[in-house]
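# Architecture and fold: a report
Read off the chains here:
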There are 4 protein chains.
Amino acid sequence: MALKTKHPIGILGATGMVGQRFIQLLENHPWFEVAWLAASDRSSGKLYGEAAKWRLDTPLPERIARMTVQPADPAGAPKIIFAALDAAFARELEPAFANAGCAVVSNSSAYRMAPNVPLVIPEINAEHLHLIEEQPSRAESGGYMVTNPNCSTIGLVMALKPIEARFGIEKIFVTTMQAVSGAGYPGVPSMDILGNVVPYIGSEEEKMEAETLKLLGKLNVHVVTPLDAKISAQCNRVAVEDGHT
Amino acid sequence: MALKTKHPIGILGATGMVGQRFIQLLENHPWFEVAWLAASDRSSGKLYGEAAKWRLDTPLPERIARMTVQPADPAGAPKIIFAALDAAFARELEPAFANAGCAVVSNSSAYRMAPNVPLVIPEINAEHLHLIEEQPSRAESGGYMVTNPNCSTIGLVMALKPIEARFGIEKIFVTTMQAVSGAGYPGVPSMDILGNVVPYIGSEEEKMEAETLKLLGKLNVHVVTPLDAKISAQCNRVAVEDGHT
Amino acid sequence: MALKTKHPIGILGATGMVGQRFIQLLENHPWFEVAWLAASDRSSGKLYGEAAKWRLDTPLPERIARMTVQPADPAGAPKIIFAALDAAFARELEPAFANAGCAVVSNSSAYRMAPNVPLVIPEINAEHLHLIEEQPSRAESGGYMVTNPNCSTIGLVMALKPIEARFGIEKIFVTTMQAVSGAGYPGVPSMDILGNVVPYIGSEEEKMEAETLKLLGKLNVHVVTPLDAKISAQCNRVAVEDGHT
Amino acid sequence: MALKTKHPIGILGATGMVGQRFIQLLENHPWFEVAWLAASDRSSGKLYGEAAKWRLDTPLPERIARMTVQPADPAGAPKIIFAALDAAFARELEPAFANAGCAVVSNSSAYRMAPNVPLVIPEINAEHLHLIEEQPSRAESGGYMVTNPNCSTIGLVMALKPIEARFGIEKIFVTTMQAVSGAGYPGVPSMDILGNVVPYIGSEEEKMEAETLKLLGKLNVHVVTPLDAKISAQCNRVAVEDGHT
C-alpha cells in the first residue's frame, strides 16, 4: 500500500556501502522518501554524486546525485533517520539524534546490546519494540533508537525461532561462511582470500552469540531476558562476492 | 631408518589422482619401492607415462614413466598393495588381492566400515590392526585388508582423540570447508564453485560421522565397539584449490 | 512494438545451457512465443521441467515447465527455429530443418563459415542476409539457415566496424579473457581455473579469426568476400563466472 | 660456486613484500649474506621479527628475526644495497646511498628510465651496465645505481630478444593478465577482483612500453638508444594469487 504523502527520511553515513544500499532500497519505496543525506566532514557540502563513490550494480538515481550532503547534525534532519555509521561514530551520533527527537533506525552494532534499545527482526520479536519506552529521550523529545542485528545473525534466528517456539533450545552451534562484501570496501585484501578460507572475522562471533540470545529472549515489561541457552559461533570468510552461508 | 633392501610394493589404480599421489610420496621412500603399477583395461599394456595424465606439481619420475601398466590382477603383483581405486572397483578388487595373499592398504571407502577390516590412523588407534586376524583370507593365504579414513575425518579425529581420552565425548558437531582437489579431476565444475559455497558433498557427511565413531571406538578382542556419542557433520565445498578446513 | 498475434517458434536443443537462455530471453517477447521444444532422445517425451536441469537465475516459467519435449524432427515443428545444438548435432539437424521449410537461426559454429550461409550481427552486416537466396532449400521449401557469431567475436566486431568503415583495417590483434560460463556445463573443471588463467580455448581462436573477417566482408551479389586483413587472436579462460573481456 | 667470504649486503625497505622476498631469496645464498636491514622510522630500532609482518610461505629465518632494523641512512650500511622501496622513497634515498659509495641495486621504478642508470636483465643487455660510468657518484665515491625492470616486462623481453636479434621488430602488441600479489599488501580489494578482471593497473602499461624499448636498445658509448619500434601494452589484473601471464 503506497502512502499519498510519503514520510521524509534521512540517512546518516550516506556515502558508505551501507548508506548506498539504503539509497538503493528506498528508491521508489511506497512509504519513505529520501529527503536528507549526511556524512562526515570530508563529504558534507558536496553534491552526493561527487562525494560518494557509488559501487552498486543499479545506477545512482539522478535526484540523489544532485542532493547536497549535509553535516551529521540533528538540526534540519527529518524525524526518521536510517543510520549507517561505523560503530565508533554511531556511539556518539545516534543518541544525539534520538535526544533531538528523531526515530533512529540503526544498522550499527553500537547499541544493539544496550538494555533499553530494541534489537529487532520484525518477524521474530516485534514486541521488543516496547523497550523504546525505557529510553529517556522518548519522554523528553519523543526520539528513540532501534537496532537491527548483524547480517549473519538474522538468517540464523529466522531458522531458530520456530524450533525454539515449538521445542525450546538448550544449545546452539553455528558455523558461517561469509562473503567479502560484508567487510565493506576496501575490506578483505585479495591476497588473504583467494584460494583461502579466513577462519576469523573480528568480533563477529561475539556479536552473533550475544545478539541471538537477545533476539530469542522474552520481554518482561521493562527488560528483555535473553534466552537461557549455550551458544557457540564460528565465523569464516570465504572467496564469495555476495551472500552469506 | 632406511632399509638395505626395500619392500617392493604395487599400486592399484595407479593412473588416477590418488594413485599419482602415491607415486609422488613413495618416490625415494626409505622402506618401499614402487615395483608394480596396475590400472583399468584402458591403461594396461601402455607405458605409465603414456597412460596417465600427470597432474601433480613435481615431475613424474622417469623410472615410473617407463614402467608398463599391468592389468588389475593379483597374478604377478607384489605382496604389499596400495589401493587407490574408486569404491565400486575397490569393492570387487581389494578382497581378490587379499585372498591372493596380498596386504592391501586401501584409500577407498568400500570396506572402511566392515566389522573385520581395521580403519586406522596410526597415531590414534593402531591397536585396531588386530582386526586383521578376523579376516578369513588371513588364515588361508596370509592376505588382508587395512583402510584409512576419509580425508576430512583424519584432521577431526586427530583433534578429538586427546579430548576423548581426557574428558570423554558425548556430542560432536563438525562443519568442514573442503577444497576442490578432494573431488578428483575433473571433479567440481567451475560454474558451481566460483563465487559460491556448495553446502553438500555426496555421502561425505555419512562417512565422516560413521568413521569418526569407529576410529574412536574400543577394540574388544574380535570387534571394535564404536564410540557411544552423537555426531553431526556438515560438509561444504569452497573455492579453494587444496587443503580442507 | 508488440504483435497482435505472436510468431510461434521452436527451440532445438532446448534443455542445454543455450536452450535455457533462449527460453529465458524469449519469455514475454513481443514478437515470438515459444511453442515447441525439442531435445535428444534422452529428454524427448518428458515434461521440460523434468528433462532439463534449469541453471539460470530467473525461475523456469511454469508454462514452459509443463510443455512436453519433442524429438528433434521437423515434423510438427514451427516455421521458425532457434537452434542451440552442439556443432556435431547441428551439422546434421540444421539442414534437415531448413530442407523441411524452416527458418533456422543457429547459435552453433557448424555452418558459420559455409559460403551460402549468412553470419550476421544485425547492426554490422544485415545485408549479408541475401546469402539466404543461395541456399537450395530456399527455392525448394522456403527454408534457410542463418547463423550468429562466436560470443567473443561479437564484441570485437562491434568495436572494429566503425574503425574499418572510416579508416580501413590492415591488421588485427585481439586478446580475450573469457568467463567459464562460455564453456557450458560442467565445462571447465574447477581444478583447472582456480588461481589460474588457462591460455587456450579449443578452436576459439580459429573461429574468432575466421568469423571476424567474414563479418567485416563485402557482399558481392552471390558471395561474401572476407576482409583482406591479417588477424591474430589469443583466447584465455579466467576465473570469472559470467562475461567476457 | 660458493665464496669463502660472502659479501655483506643491506636491504632498504626490508619490511615490505619485496624486502621480504629479498630476505627469502638471499637466505643461504652462495655469494651474499644479509648483514643490514633498514626500513622507515616506524620500524627502525625494533627487532625485524617484531617490525615486519612476515607473509611468505617459507618461515622467517631466526637469524633475520633477531636483527635490529636500522634507519634508512647510508651511515653504517654495507657497500652493496638491494633496494625495495616505493618509488616515492626510492627517488630520494637511492641517490643518497649511491653518493655515499654504495652499489644500489633497485627494484623500484624511480630511476629505471634515467639516461645514466642501467636497466638490466643480465641475459638480455648486460652491456648496458657501462652506463654506470656516466653517474657522477661513480667518480666521486665509487657508488652507483642499477635497476631491474617491471615484473611483467622481464618475461616479455626474454621472449622478444631472440626475435629482435634474428629478424628485427617493428611493432609490439602485448596483453598481460597479472596476479594480485604484484600489487603488494593489502593491494587489490577482494571486492574488486572476485569474479572479475580489472582492465587497468595504474602506470603499468606506460612502464612496460618504455622499459621494453630501453631494454632492447643499443648502447652507444655513453647512452642507450631505445629500440625504434611501436609498442602497445594492455595490463589486466586477474583473480590469481601468484604469477603473471
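Residues numbered from 1 in each chain as written. Chains lettered and ligands numbered in written order. Predicted model: local features only at pLDDT ≥ 70, side-chain atom pairs only at ≥ 80, totals over all residues. Heavy atoms only, no water.

Strands in a sheet are paired, the pairing made by backbone hydrogen bonds, and the direction either parallel or antiparallel. All names here are of chain C. Taken in spatial order, the 6 strands line up as 3-2-1-4-5-6 in an open sheet, and their pairing is parallel. Edge positions in the open sheet fall to strand 3 (70–71) and strand 6 (144–147), since each of these has one partner strand only. Pairing of strand 2 (residues 32–39) with strand 3, which is carried by 2 bridges, proceeds in the parallel orientation. Bridge assignment links Ala39 to a residue of strand 3, and that residue is Pro71. (Pairing = 2+ DSSP bridges. Helix = DSSP H or I, 4+ residues; strand = E, 2+ residues; numbered from the N terminus.)

Turning next to the relation of the copies chain B and chain A. Of the transformation placing chain B onto chain A, the axial shift is 0.0 Å and the rotation is 179°, giving an RMSD of 0.0 Å. Considering both components of the superposition, the chain copies are consistent with a two-fold axis. By residue overlap, the copies meet face to face through one surface: 100% of the interface positions of chain B are interface positions in chain A. (Least-squares fit on C-alpha atoms with pLDDT ≥ 70 in both. Contact = heavy atoms within 4.5 Å.)

Our focus in this paragraph is the interface of chain A and chain D. Counting from both sides, the interface comprises 18 residues of chain A and, opposite them, 18 residues of chain D. Both faces considered, chain A and chain D share a buried interface measuring about 1400 Å² in area, 70% of it formed by carbon and sulfur atoms. Counting the surface chain A buries against chain D, the share from its top three residues, Ser190(A), Met191(A) and Leu194(A), is 44%. On the surface where chain A and chain D come into contact, there are 0 salt bridges. Ranked by residues supplied to the side of chain A that touches chain D, first place goes to helix 8 (residues 190–193) of chain A with 4 residues. Within the side of chain A that touches chain D, the residues separate by chemical class into 11 nonpolar, 4 polar and 3 charged. (Buried area = accessible area lost by both parts, 1.4 Å probe. Salt bridge = Lys/Arg side-chain N within 4 Å of Asp/Glu carboxyl O. Nonpolar A, V, L, I, M, F, W, Y, C, P; charged D, E, K, R; others polar.)

Quick look at the packing of helix 7 (residues 151–167) of chain A against helix 9 (residues 204–215) of chain A now. When two helices pack together, their arrangement is captured by the angle between the axes and the distance separating the axes. Residue and element names in this part refer to chain A. Between helix 7 and helix 9, the least distance of the axes is 9 Å, while the angle of their chain directions is 40°. Looking at the two axes, helix 7 sits oblique to helix 9. Viewed along their axes, helix 7 and helix 9 form a crossing whose handedness is right-handed. Two secondary-structure elements touch here, helix 7 through Cys151, Ser152, Thr153, Leu156, Val157 and Leu160 and helix 9 through Glu204, Lys207, Met208, Glu211, Thr212 and Leu215. Taken together, the residues that form the contact of helix 7 with helix 9 break down as 6 nonpolar, 3 polar and 3 charged. (Axes fitted to C-alpha atoms, helices over the stretch in contact; angles between N-to-C directions. Parallel < 35°, antiparallel > 145°, perpendicular 65-115°, else oblique. Left-handed = near helix turned anticlockwise from the far one by under 90°.)

All names here are of chain B. Inspection of the sheet shows strand 1 (residues 7–12) paired to strand 2 (residues 32–39) by 6 bridges, in the parallel sense. Along strand 2, the bridge assignment pairs Ile11 with Leu37. As a crossover connection, the stretch from strand 1 through helix 1 (residues 17–26) into strand 2 is right-handed. Pairing between strand 1 and strand 4 (residues 80–83): 4 bridges, direction parallel. Bridging from a neighbouring strand, Ile11 pairs with Phe82 of strand 4. (Right-handed = clockwise from strand over helix to strand, strands pointing away.)

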